[in-house]
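# Structure assessment
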Amino acid sequence: MGEIGLEFLAAFMDINDIFKETVTNTSLNSGKRKATGAPSLRELKESGYGIVSSSEIPAKKARSGDDTPEQIAEQPSDDEEGGRFFDDGLTAEEKGVMEWVDHMEDMDESLDHLAVQRLVMRLERAVSKNTTDRINHPNNPEKFVESEAELDEALQRLLLLANDVQYLKVLVELEAVPTLVSLVAHENADIALDVIQLAVELTAEDAWNHEGESAEERTAVLEFVSELAQNEFFEVLGQNLRRLNEEADTSEGEADRQGVFQTLTLIENLVSLDETLVEKAITGMKLLEWLQSRITQTFAQTSTEIDPNQQYAAEIVSILLQTSDRLRSLTSSRLMDTLLQCLAKYRKHTPEDDVAMEYLENIIDSICMLVATADGKRLFLELEGVELLVLLQKQMHVARLLSLKILDYVLSPPPLSSSTDSSEAPSLATHSAETRAAAKRYIDQSGLKYLFSILMHHGKGGVQKLHKAHPQTDERAVNCISWLLRLTDQGTPLHWRVLAKFVPSPADLSSWKLHVDRIAELNLEYFERVRDAEVRFDRDEHEEETTVEERYLSRLDAGLFTLQMTDIIIAFISEEPSAREHIELRLNRKDRSLDDVLAELTEYIETKRADSLAAAVASSSAEPRDLSSVLQHL
């Protein structure tokens, strides 16, 4: 052939000639690319990688432990059928090139375009060899175990790309993506898991979110994942997810459980990367259906335990529902029903460990995301979700306290559409048919008894520990009571049943004072928190143009919203003379009055009506409204 320096592979052979078979969807037979910077034949010859003329072979000394090319040619084939068809079909010259590729891959060098080409070539060669071995010896695993190990190693080497994801574009250019997708359906599940692990590492946030480079690297990862999606990666991934057997108590079962974990991790990575890709992945994998089934199924030792992947599946459901409004709108009644069934398991017992506790919290978060919409509230009512909350609150378990979060979301108005006039917000918020129906259902089911029991921290030592472990319970209880007062029309029996907890009656001459005292106590506590936050903020230095808004946000962080909710309760109960006198007495002890409460509620009302935070802050100095005006706009 002469000793003219030609580019690697394209100079003297075609990949199909190397492996003597048709290779489809690979990066080396498209004819569109040429590697650059490869050695010439002379350089390979001088390096001793088998590139010699026929006259030189006898004189060239074989490397230790290797046969010369002539000796190799004289040896019979290991395959009992023999012949060129079952041999590797490589000439001495071609074998020299392969030796050079292996040598260069083993070198500790920085990743560059040529290095990625070598990695891709190694992968394609391993895929081709493994495919041939499996076709020729379908019933003899010993014949293809070696090529499978080489394929596994080739996939592991691609993990180097996680250190420099900008070179992912080379995988796309070399058309290696279809090969990777096809390997997800490989007969050996371990090979499929290698591809999934590779996708996880390449999409992990720490692989593309580097200071100063995140935009470019994120784009590279986005393009790579988009290419995967175009080659039906997520459809194949969904099929692979369903063939994994987590139940088996064997090493294969452990590998399958790890495969499920890696698949869910990939979905979590995509959430950070791009919402559109997440929706494509969920649709292609039919993931929501699988998740609905998985969160109800445990592979732990007992039926009451939660296995790690079951908990992770619940977490993914929660993350997805928080991420995409479209996904929330696409959810069916089956998902809501499944989540309520999962929640109902904790009516009579407490989670056994941290995994189960996290599982329960994720289930509750998912329900909250669904009931935040009008359709979700409607489904919740139809599936008797309010009744379940009352049952949970009857028991002295942790779900008793956590259920308040769901109740808070159910009673809160759904988000207003972008077309809604902000000046109409107060009336729309208090006249939602779904929230009114939920409030009525909760009161009719005697939920007030348990709600005020939670507010007063009734219970023995174990219950007190629960309250200390979940300090946000007081805020949830106050929010729920304030919504119940607003969602029931004044003067109606429903409204009176809520108000009766704070005013004297022939049947209750003492406990109402305890309830008023508790609300006053919380009001004073959160007032001090907000005041301290204001003092700290005013003491620190801030840029003038952001001071006003940042000051308001610091007050919110300190508990301004909860302070306003207690203000709302105080405003309602102040209409009754006995309750008003008692509440004023308690507030005056800390130099507070009803005028302070009305001023804070005026700010709350104006903030709700404002189009932006800046407008809300500007309106915070408005003149305080009187009590009747405040109640009308709450």
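Computed from a predicted structure; not experimentally measured.

### Notes on the packing of helix α21 (residues 385–394) against helix α25 (residues 447–455)
- Put simply, α21 and α25 touch, their axes get as near as 9 Å, and they point 45° apart. The pairing of α21 with α25 is recorded here as oblique in orientation. Seen along the crossing, α21 lies across α25 with a hand that is left-handed. Along its contact with α21, which presents V390, Q393 and K394, the element α25 presents G447, Y450, L451 and I454.

### Some details on a negative patch on the surface
- Where like charges cluster on the molecular surface, the negative patch consists of E352, D353, D354, E358 and E361.
- Its place among the elements puts E358 in helix α19 (residues 354–371).
- Under the relative-accessibility criterion, E358 is labelled partly exposed at 34%.

### A few points about the packing of aromatic side chains
- Per the counting criterion, the structure on display carries four aromatic pairs.
- Ring centres of F233 and F234 lie 5.4 Å apart, and the angle between their planes is 70°; on these two criteria the pair is classed as edge-to-face.
- Its relative accessible area of 1% is what places F233 among the buried residues.
- Between F452 and F502, the ring centres sit 5.4 Å apart and the planes meet at 65°, which makes this aromatic pair edge-to-face. Here F452 is found in helix α25, whereas its partner F502 is found in the loop between α28 (493–499) and α29 (511–539), with 50 residues between them in sequence. In this pair, the class of F452 matches that of F502, namely buried.
- The lysine or arginine in question, R134, covers the ring of F144, its NZ or CZ lying 4.3 Å from the ring centre.
- Sitting above the plane of the Y526 ring, R529 keeps its charged end 4.4 Å from the centroid.

### Points about helix α6 (residues 145–157)
- If you check α6, its first and last C-alpha atoms are 19 Å apart, about what 13 residues at 1.5 Å a residue would give, namely 18 Å.
- Listing the buried residues of α6 in full gives S147, E148, L151, A154, L155 and R157.

### A few points about the side chain of R486
- Of note, R486 is situated in helix α27 (residues 473–486).
- In this structure R486 is buried but unpaired, with D408 as the nearest side chain of opposite charge at 7.5 Å.
- Looking at R486, its side chain comes within polar contact range of the side chain of S482, at 3.1 Å.

### Brief notes about the nonpolar core
- By size, the foremost hydrophobic cluster in this structure holds 163 residues, and its most contacted members are F233, L291 and F380.
- No other element matches α19, which puts eleven residues into this core.
- Each residue touching L291, except ones within four places of it in the same chain, is listed here: L264, A313, I316, V317 and L320.

### Concerning the pattern of salt bridges
- With the rule as written, the count across this model stands at 25 salt bridges.
- Taking the shortest distance from any N to any O, the salt bridge between R122 and E153 comes out at 3.2 Å. Of this pair, R122 sits in helix α5 (residues 113–136) while E153 is found in helix α6, placing the two residues 31 residues apart along the sequence.
- Among the residues examined, R122 registers a relative accessible area of 11% and is labelled buried.
- According to the relative accessible area criterion, E153 is partly exposed, its value standing at 33%.
- Across the pair E434 and R378 runs a salt bridge, and its minimum N-O distance is 2.8 Å.

Reading the values: rules and limits
Think of each chain on its own: its residues are numbered from 1, step by step along the sequence as written. In keeping with the model being predicted, local features are shown solely for residues with a pLDDT of at least 70 and side-chain atom pairs are shown and tallied solely at 80 or more, while totals for entire chains, interfaces and linings include all residues. Hydrogen atoms and water are omitted, and side-chain values are computed over all heavy atoms in the structure. Note on geometry: axes are C-alpha line fits, over the in-contact stretch for helices, and angles between N-to-C directions span 0 to 180 degrees. Numbering of helices and strands starts at the N terminus; helices are DSSP runs of H or I of at least 4 residues and strands are runs of E of at least 2. An angle counts as roughly parallel when it lies under 35 degrees, as roughly antiparallel when it exceeds 145, as roughly perpendicular when it falls between 65 and 115, and as oblique in every other case. Crossings are assigned a handedness: left-handed for a near helix turned anticlockwise from the far helix by less than a right angle, right-handed for a clockwise turn. Contacts are assigned to residue pairs that have any heavy atoms within 4.5 Å of one another. The residues that make up patches have over 30% relative accessible area and no salt bridge, and they are joined within 9 Å when like-charged or within 5 Å when they are Val, Leu, Ile, Met, Phe, Trp or Tyr. Exposure was quantified through the Shrake-Rupley algorithm and a 1.4 Å probe, taking into account, for residues, occlusion by the shown protein chains and nothing else. Every case where a carboxyl oxygen of Asp or Glu lies within 4 Å of a side-chain nitrogen of Lys or Arg is listed as a salt bridge. Neither His nor the chain termini are counted; the positive set is Lys and Arg, and the negative set is Asp and Glu. Positions of charges follow a simple convention, taking NZ of Lys, CZ of Arg, CG of Asp or CD of Glu. Relative accessibility thresholds used throughout: buried, under 20% of the residue-type maximum; exposed, over 50%; partly exposed, between the two (1.4 Å probe, protein chains only). Centres within 6.5 Å are what make two rings of Phe, Tyr or Trp a pair, Trp counting through its six-membered ring; a difference in plane orientation under 30 degrees is then read as stacked, over 60 as edge-to-face, and the rest as tilted. A ring has a charge above it when a Lys NZ or an Arg CZ is no more than 6 Å from the ring centre and no more than 35 degrees off the ring normal. Here, expected helix span is obtained from the residue count minus one, scaled by 1.5 Å. Under this definition, polar contacts are N or O atom pairs within 3.5 Å; protein pairs additionally need one hydrogen-donor-capable and one acceptor-capable atom, and for neighbouring residues in sequence, both atoms have to be side-chain atoms. Side-chain atoms within 4.5 Å are what join buried Ala, Val, Leu, Ile, Met, Phe, Trp, Tyr and Cys residues into a set we call a nonpolar core.

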